[in-house]
Amino acid sequence: MSFNKLPCPIWDELPHVWKIPAEGQIRGKNRTGGEFLLMRSGADLLQKLTCRQKANLSYWIYCHNLQCRIINTHEKFEEKPSWANELLELDEAWVVDHRDVTPSTSEHMLMFLRELIRSDDAGEQRPDKDLLQAAGGCRHDDDLTSLLLYAMDRGWLEGGGSPEDPFFPRLNLINLGLGARMYVDEVDEQLRERGGDQRGENQQVFVAMWFDNSMVKALECGIEPAIRAAGYDPLRIDRKRYLGPVADEILAEIRKSKFVVADLTGRPECGAPGGVYYEAGFAHALDIPVIYTCHKDRKDTVHFDVNHLYRIEWENPKDLKTKLQQLIEEVLDHGPLSSPNGDQEVAA
């Protein structure tokens, strides 16, 4: 259903690395969670992937594409997106950071339901099987069937036929129940509120940075993976739905956060946007720890008010992830989302 005519480099046909242009090539289909910009270094790593690693990459690609559509959830995935300039870049750093990060079973189910809701809101006659597999982090049809059966058992879905039917599930017969929407809303609220009154129990980390396309890789391949690997849940305000003034929402989310990551990288001529300093200053006033980061080429633009404070100076997203994760774990310890052995929970 995707408009991209090239073979899928993850599930269908391995790419010829030497054929990938230096500036990248748009690839991907619904089985990979939508389209992305495949870089040569990333294409080289796709040559040897397990089914679980393929499913992991597809899940995170889907998450990125869904977040980019968050303002217009009724947009169909097969339509050429208006956010084409925000295509995820699959380079070596991104693939390395995401191929072994397996979301938990509950995260698989949550994103699976989000895709069903998106499909229903878009008025599509039937959910797309490939997108459901990507959203659910499925390796094969059996994984998808397990998610469907679990959702049906909970009353979130109706119809779909019987498991004894050789053509089960019949996606054109599935009806999305109100319970599915209520469950997703409840989980979203729990994620925002988890941790109670003690910040020591919180899992949320507020990320303040420049909202520019040039910083997407720093966020998705550096800051977010580092925070998750350390056991916390990153939040950047433009990736959350809310009502009311944005300033009020920012202050409310900072109050609920364990700490703040403030990246001072900004325009070369004027430094970081003023909002980053505002958010960091508010956190300081509440005695919430702030970790400063900045691209080493922009360090001369950092405002003198915070220039004396320690900051991570990074060269690329991979370098940023390593340094940020190490600092978080050494200074603030592992977060509540860390597993006992330090690995991500693996879905069945």
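Look above for the structure.
Just so we're clear, the structure is a prediction, and the values are computed from it rather than from any experiment.

> Please explain the environment of Leu171 as it appears in this structure.
One can find Leu171 in the loop between strand E4 (157–158) and strand E5 (175–176). Between the C-alpha atom of Leu171 and that of Gly159, which follows or precedes it by 12 residues, the distance is 8.6 Å. Excluding its chain neighbours within four sequence positions, the residues that come into contact with Leu171 are Arg126, Pro127, Lys129, Leu132 and Leu148.

> For this particular structure, what's the right way to read the packing of aromatic side chains?
The geometry of an aromatic ring pair is captured by two quantities: the separation of the ring centres and the angle between the planes. Here the structure, examined in full by the defined rule, presents 4 aromatic pairs. With a centroid separation of 4.9 Å and an interplanar angle of 85 degrees, the aromatic rings of Tyr59 and Trp60 are classed as edge-to-face. Among the residues examined, Tyr59 registers a relative accessible area of 3% and is labelled buried. An aromatic cluster is defined as three or more aromatic residues linked by ring pairs; in this entry it consists of Tyr150, Trp156 and Tyr183.

> Looking at this model, I keep getting lost on helix H2 (residues 51–68). Mind explaining?
A turn of α-helix holds 3.6 residues, and therefore any two residues three or four places apart point the same way. Under the 1.5 Å per step criterion, the end-to-end length of H2 is 26 Å for 18 residues, consistent within 8% with the ideal 26 Å. Counting buried positions along H2 yields 16 of 18 residues, so the element is predominantly enclosed.

> So what exactly am I meant to see when it comes to the sheet that holds strand E6 (residues 204–208) here?
Two orientations exist for strands paired in a sheet by backbone hydrogen bonds: parallel and antiparallel. A sheet is described by the order of its strands in space; here 5 strands give the open sequence E7-E6-E8-E9-E10, paired in parallel fashion. Of all strands in the sheet, those with a lone pairing partner are strand E7 (233–235) and strand E10 (311–314), marking the two edges. Strand after strand, the sheet turns through a mean of 25 degrees between neighbouring axes, direction not considered. Here E6 runs beside E7; their pairing, made up of 3 bridges, is parallel. Residue pairing for E7: Val205 is matched across the bridge by Pro234. Across the sheet, helix H9 (residues 246–255) touches E6, E7 and strand E8 (259–263), and the angle it forms with E6 is around 140 degrees. Helix-sheet contacts for helix H11 (residues 317–332) involve E8, strand E9 (290–295) and E10, and the interaxial angle to E10 is about 160 degrees.

> Whenever I open this one, the sheet that holds strand E1 (residues 25–27) confuses me. Can you help?
Sheet architecture is open: 3 strands sit in the order E1-E2-E3, paired in mixed fashion. The two strands at the open ends of the sheet, each matched to only one other strand, are E1 and strand E3 (89–90). Where E1 lies against strand E2 (residues 36–38), 3 bridges are found, and the strand directions are antiparallel. By the bridge assignment for E2, Ile26 is matched with Leu37.

> Would you explain the environment of Cys68 in this entry?
Topologically, Cys68 is positioned in helix H2. Taking the C-alpha atoms as reference, Cys68 lies 8.9 Å from Leu87; in sequence the two are 19 residues apart.

> Would you explain the pattern of salt bridges in this entry?
Think of it this way: side chains of opposite charge can pair up when their charged atoms draw near. One pass over the structure, following the stated rule, counts 15 salt bridges. Note that Glu89 is salt-bridged to Lys217, the shortest N-O span being 3.5 Å. One end of the pair, Glu89, is in strand E3; the other, Lys217, is in helix H8 (residues 216–229), and 128 residues separate them in sequence. According to the relative accessible area criterion, Glu89 is partly exposed, its value standing at 27%. A salt bridge links Asp100 to Arg99; the shortest N-O distance between them is 3.8 Å. Taking the relative accessible area as the measure of exposure, Arg99 reaches 21% and is therefore partly exposed.

> Explanation requested: the nonpolar core in the structure shown.
General note: in soluble globular proteins, nonpolar side chains tend to be found buried as a group. If you look at the biggest cluster of nonpolar residues, it comprises 27 residues, and the most contacted ones within it are Ile10, Leu90 and Trp94. For this core, the secondary-structure elements that each account for two or more residues are E2, helix H1 (40–45), H2, helix H3 (92–98) and helix H5 (129–135). A per-element tally of this core places H2 first, with 8 residues. Dropping the residues within four chain positions of it, Leu90 is found in contact with Ile10, Phe36, Leu37, Leu38, Met39, Gly42, Ile61 and Val95. If you look at the next biggest cluster of nonpolar residues, it comprises 22 residues, including Val207, Met209, Ala230 and Leu332.

> Mind showing me how you'd approach the side chain of Glu115 here?
With respect to the element layout, Glu115 can be found in helix H4 (residues 105–121). Residue classification places Glu115 among the buried positions, given a relative accessible area of 0%. A polar atom in the side chain of Glu115 sits 2.7 Å from the side chain of Tyr62.

About the criteria used
Residues numbered from 1 in each chain as written. Predicted model: local features only at pLDDT ≥ 70, side-chain atom pairs only at ≥ 80, totals over all residues. Heavy atoms only, no water. Helix = DSSP H or I, 4+ residues; strand = E, 2+ residues; numbered from the N terminus. Contact = heavy atoms within 4.5 Å. Phe/Tyr/Trp six-rings, centres within 6.5 Å; stacked < 30°, edge-to-face > 60°. Buried < 20%, exposed > 50% of the residue type's maximum accessible area, 1.4 Å probe, protein only. Expected span 1.5 Å × (residues − 1). Pairing = 2+ DSSP bridges. Axes fitted to C-alpha atoms, helices over the stretch in contact; angles between N-to-C directions. Salt bridge = Lys/Arg side-chain N within 4 Å of Asp/Glu carboxyl O. Core = buried A, V, L, I, M, F, W, Y, C linked by side-chain atoms within 4.5 Å. Polar contact = N/O pair within 3.5 Å; in protein donor to acceptor, adjacent residues only side chain to side chain.

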